[in-house]
Amino acid sequence: MHRHFLYPGYLIFWLVMTAGCLFSSNLAAQNELQYVGELGISVGAAHYFGDLNTRGAINRPKPAVGIYYRKYLNDYVGLRAHGRFMQLGYSDTYNKNEFQNRRNLSFNTNLWELALQGDFNFFRFEPGSLYERFSPYLTGGTSIFYFNPYTYLGGVKYYLQPMRTEGQGSALYPNRKPYSLVSYAWLIGGGFKYNISKSVNVGLEALYRFTQTDYLDDVSTTYVGEAVFPTVNGLPSVAAQLQDRSGVKGTPIGVVGRQRGNSRDKDQFVTLELTISILFTSYNCKF
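None of these values were measured; they are calculated from a predicted model.

(A) Molecular detail of the pairing of strand 7 (residues 156-159). Across four bridges, the pairing between strand 6 (residues 150-153) and strand 7 is antiparallel. Paired with T151 across the two strands is Y158, which belongs to strand 7. Connecting strand 6 to the next strand, strand 7, in antiparallel fashion are two residues, including G154 with a positive phi near 60°.

In structure tokens:
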């Protein structure tokens, strides 16, 4: 009986208290304001390092764009999901090393990445504050990505993985399996961010990937020679031509067993991105 009469009273009480929270003064609202996360975009450049760029040259950047959501755990730590699209590519034309230049290989790829990152601010970061609106930060995590290297021969675009340019899947090289077009990477980087208003952050971030594939560029081990690839009307197949392109610069160097790439080191890539984000807030009313 008592429960029947008390229930409406409790309901009215909570309605009144909720209304009081919603219509409280601006000053009180500011004190109870909490930043819970941010949704942003990133725009910048990406660069590849690997068997075609062994000296770490940064001379062929390509575009990178992304979208992310960062969840604030506190004023120092956040978790982020970041999806990116970028392009990577390089050519032996840019190499000064005589062997690499004569090798004459090249590639490009579109790359789709989904990353999970943890961010740590060096300083307390509190959007809307006059004194705690800037901080450098470290970031790290892991990502999964899809790539599909291609090149051009006679003006025609060819995807390289189906060509099996290093004998993958051939009975002559049973230990060489076709490589997957999906791989993952470990991420490490850093940057800084600045709160320009109560609802907008901007930043700059550099992020390096240590991938778990050596085939971003379709180059990893040794030459296998034209004998692995069936001829077409008595002429070398497209795959045979793509596995050794040194002939256009002189005597072909693609001797069977000769080093084509370095399988001991995985490929890597880096991005440098400008970021801008919209902040999400919540109000907590304590009774």
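(B) Broad picture of the side chain of N148. Locating N148 in the fold gives a position in the loop between strand 5 (134-146) and strand 6. Given a relative accessible area of 17%, N148 falls into the buried group. Reaching out from N148, the side chain makes a polar contact with the side chain of Y146 at a distance of 3.5 Å. With residues near it in sequence (within four places) discarded, N148 still touches N108, T109, N110, Y159 and L181.

(C) Structural view of the environment of R245. Note on placement: R245 falls in the loop between helix 4 (238-243) and strand 10 (268-283). Overall, the relative accessible area of 17% leaves R245 in the buried class. Spatially, the C-alpha atoms of R245 and R102 are 8.4 Å apart, while their sequence positions differ by 143 residues. When residues no more than four places from it in sequence are discounted, the contact partners of R245 are R103, N104, L105, S106, T151, Y152 and L153.

(D) Region of interest: the pattern of salt bridges. Taken as a whole, this structure holds 13 salt bridges when the rule is applied. In this structure, the salt-bridge partner of E273 is R84, at a minimum N-O distance of 3.1 Å. In this pair, E273 sits in strand 10 while R84 sits in strand 3 (residues 77-91), placing the two residues 189 residues apart along the sequence. The pair formed by E273 and R84 is uniform in burial state, with each residue classed as buried. For R209, the salt bridge goes to E113, with nearest N and O atoms at 2.8 Å. Placement of R209 in strand 9 (residues 200-211) and of E113 in strand 4 (residues 106-121) is noted, with a sequence separation of 96 residues between them. Judged by relative accessible area, R209 falls into the buried class, the value being 0%. Take E113: its relative accessible area is 4%, and that puts it in the buried class.

Conventions and cut-offs
Residues numbered from 1 in each chain as written. Predicted model: local features only at pLDDT ≥ 70, side-chain atom pairs only at ≥ 80, totals over all residues. Heavy atoms only, no water. Pairing = 2+ DSSP bridges. Helix = DSSP H or I, 4+ residues; strand = E, 2+ residues; numbered from the N terminus. Buried < 20%, exposed > 50% of the residue type's maximum accessible area, 1.4 Å probe, protein only. Polar contact = N/O pair within 3.5 Å; in protein donor to acceptor, adjacent residues only side chain to side chain. Contact = heavy atoms within 4.5 Å. Salt bridge = Lys/Arg side-chain N within 4 Å of Asp/Glu carboxyl O.

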